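Residues per chain, in single letters:
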Amino acid sequence: MYKFENIYDSPTVTIVKDFGASVYKTDFDSRGNGKAVCVAVNGLYRSVDYGATWNLADASSPYRSEAFWEIEQSPWNKDEYYIAAIKYDAADPLGGFYVYNFEQDKLVQLGLADADTADIACDSDSATTLVYILTRPGQVFAYDGITFTPRTTVPGTAGLRKIDIVKAPCMPKMIYACGDRTATKVYRSLDSGNTWEQYSAG
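The sections below set out a description of the structure shown in this document.

Parameters at a glance
- Residues numbered from 1 in each chain as written.
- Predicted model: local features only at pLDDT ≥ 70, side-chain atom pairs only at ≥ 80, totals over all residues.
- Heavy atoms only, no water.
- Salt bridge = Lys/Arg side-chain N within 4 Å of Asp/Glu carboxyl O.
- Helix = DSSP H or I, 4+ residues; strand = E, 2+ residues; numbered from the N terminus.
- Buried < 20%, exposed > 50% of the residue type's maximum accessible area, 1.4 Å probe, protein only.
- Pairing = 2+ DSSP bridges.
- Axes fitted to C-alpha atoms, helices over the stretch in contact; angles between N-to-C directions.
- Contact = heavy atoms within 4.5 Å.
- Patch = residues over 30% accessible without salt bridge, like charges linked within 9 Å, V, L, I, M, F, W, Y side chains within 5 Å.
- Areas by Shrake-Rupley, 256 points an atom, 1.4 Å probe, with all protein chains shown as cover.

Quick look at the pattern of salt bridges now. Tallying each qualifying case throughout the model produces 12 salt bridges. Among the salt bridges present, the one from Arg 31 reaches Asp 29, with a minimum N-O distance of 2.8 Å. Measuring nitrogen to oxygen at the nearest pair gives 3.5 Å for the salt bridge that ties Asp 119 to Lys 162. With Asp 119 in strand β11 (residues 117-122) and Lys 162 in strand β15 (residues 160-168), this pair connects stretches of sequence that are 43 residues apart. Classification of Asp 119 as buried rests on a relative accessible area of 2%.

Written out as structure tokens, the structure is:
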């Protein structure tokens, strides 16, 4: 991980930490308190000083060194982060959906351990927990804080990578799903993932 300073005057680049593996995403606490969490192939890391120093999270958790892929701060409890883990290789067959509580330094697997989870999208309009979870084979689940409800699988594709919720005042809420270099089509749902249509050829 690198830190860039004085970008417009005399740019400097400093190595903050060598994680020894690919880091996929860093999420800073939206309250601006210096807390941050990042997900990497070799685990979940936390920082309390705006990323100046990093340590593996939750020393007591058997999942702390999982291959984590995506992370998103909960709109309903800012101390919590939802996390997706991928089935990285033959030596790491575990996927799943997790929650990490920063204040308690506690990482818990919520479910979908056998699923090759790829991305998550929190519906911040919902008064209660509502998270959409996408798997690389195209399965979509809605999590309400207790149960995982399967939605319709995104048709005719594999290698999906991203799911997101798009909201506009003059349009209905839409969920989009797309893939990587091997799955370049974009799919859209207007009914919370119950049906999908191809939106773009990619």
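This part is about the sheet that holds strand β8 (residues 80-85). Strand-to-strand pairing in sheets goes through backbone hydrogen bonds, with the strands running parallel or antiparallel. Ordered in space as β7-β8-β9-β10, the 4 strands form an open sheet in which the pairing is antiparallel. With partners counted over all chains shown, the strands left at the sheet margins are β7 (68-73) and β10 (106-111), one partner each. Geometrically, the sheet is characterised by an average inter-axis angle of 25 degrees between neighbouring strands, direction not taken into account. The sheet contact formed by β7 and β8 spans 5 bridges and is antiparallel. Across the sheet, Glu 72 pairs through a bridge with Tyr 82, a residue of β8.

Before going further, it helps to examine the environment of Asp 105. Within the element layout of this structure, Asp 105 appears in the loop between β9 (96-101) and β10. A sequence separation of 11 residues divides Asp 105 from Asp 116, and the C-alpha atoms of the two residues are 25 Å apart. In this structure, Asp 105 is in contact with Arg 46, Ala 57, Asp 58 and Tyr 100, ignoring residues within four places of it in sequence.

On the surface, a cluster of nonpolar side chains totalling about 800 Å² of accessible area is made up of Tyr 2, Phe 4, Ile 7, Tyr 8, Val 13 and Ile 15. Of all the elements in the fold, those that place two or more residues in the nonpolar patch are β1 (2-5) and β2 (12-15). Summarising the element assignment, Tyr 8 is placed in the loop between β1 and β2.

Next up on the list: unusual backbone geometry. Positive phi, close to 50 degrees, is recorded for Asn 6, a residue that is not glycine. One can find Asn 6 in the loop between β1 and β2. For Asn 6, a relative accessible area of 49% corresponds to the partly exposed category. Unlike most non-glycine residues, Leu 112 shows phi in positive territory, near 60 degrees. Positionally, Leu 112 belongs in the loop between β10 and β11.

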